[in-house]
Amino acid sequence: MKRYSTALLFGLLSLTSQLAHADIVDDAIGNIQQAINDAYHPGSGQRNNDDDRYDESRRNDSRQYDDRRRQLEDRRRQLDDRQRQLDEDRRRLEDDERRLEEDY
């Protein structure tokens with residue numbers, strides 16, 4: 001029985017050590033692949049904080065620009081409506097003047 005348990009223990013240790021070696025080899029291969037990728041594409045995997053701040057600043061500027069643009073367009077529409085009303089009032093006034101002249 002002692003031989004059986006010793007053989008079982010030895011077998012488990014050898015399997016475990018092989019799995020541990022395989023895991024170490026797999027990690028090493030992954031690290032090598034990452035190093036090669038970083039060497040051929042520097043900076044593609046990591047972004048600089050300055051880049052992130054710059055991108056955020058551009059997004060904020062873009063939002064502010066869009067908001068301001070919408071405000072100007074709304075104001076333009078309001079002015080156009082007001083101009084139409086003024087033109088209509090002017091036509092009515094001219095019509096009233098014409099009628100007044102026709103009556104006399």
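Our subject is the structure that appears above.
Note that the structure is predicted; figures quoted are calculated from it, not measured. (Residues numbered from 1 in each chain as written. Predicted model: local features only at pLDDT ≥ 70, side-chain atom pairs only at ≥ 80, totals over all residues. Heavy atoms only, no water.)

A.B. asks: In this structure, what is going on with the overall build of the protein? I would like to understand it.
C.D. replies: In terms of helices and strands, the protein carries two helices and zero strands. Within the protein, buried positions represent 0% of all 104 residues. In the form shown here, the protein has an accessible surface area of approximately 10,400 Å², with 51% of it arising from carbon and sulfur atoms. (Helix = DSSP H or I, 4+ residues; strand = E, 2+ residues; numbered from the N terminus. Buried < 20%, exposed > 50% of the residue type's maximum accessible area, 1.4 Å probe, protein only. Areas by Shrake-Rupley, 256 points an atom, 1.4 Å probe, with all protein chains shown as cover.)

A.B. asks: Teacher, can you tell me more about a negative patch on the surface here?
C.D. replies: There is a patch of like negative charges on the surface, built from Glu94, Glu97, Glu101, Glu102 and Asp103. With respect to the secondary-structure elements, Glu97 resides in helix H2 (residues 49-103). Exposure remark for Glu97: the relative accessible area of 49% places this residue in the partly exposed category. (Patch = residues over 30% accessible without salt bridge, like charges linked within 9 Å, V, L, I, M, F, W, Y side chains within 5 Å. Salt bridge = Lys/Arg side-chain N within 4 Å of Asp/Glu carboxyl O. Lys, Arg positive; Asp, Glu negative; His and termini not counted. Charge placed at Lys NZ, Arg CZ, Asp CG, Glu CD.)

A.B. asks: What should I look at first to understand the pattern of salt bridges in this one?
C.D. replies: Side-chain pairs of opposite charge can arise where the charged atoms are in close proximity. One pass over the structure, following the stated rule, counts nine salt bridges. Several salt bridges converge on common partners, so that one network encompasses Glu88, Asp89 and Arg92.

A.B. asks: Just to check I follow, could you spell out a nonpolar patch on the surface for this structure?
C.D. replies: On the surface, Ile32, Ile36 and Tyr40 cluster together to form a nonpolar patch covering roughly 360 Å² of accessible area. In this structure, Ile36 sits in helix H1 (residues 2-40).

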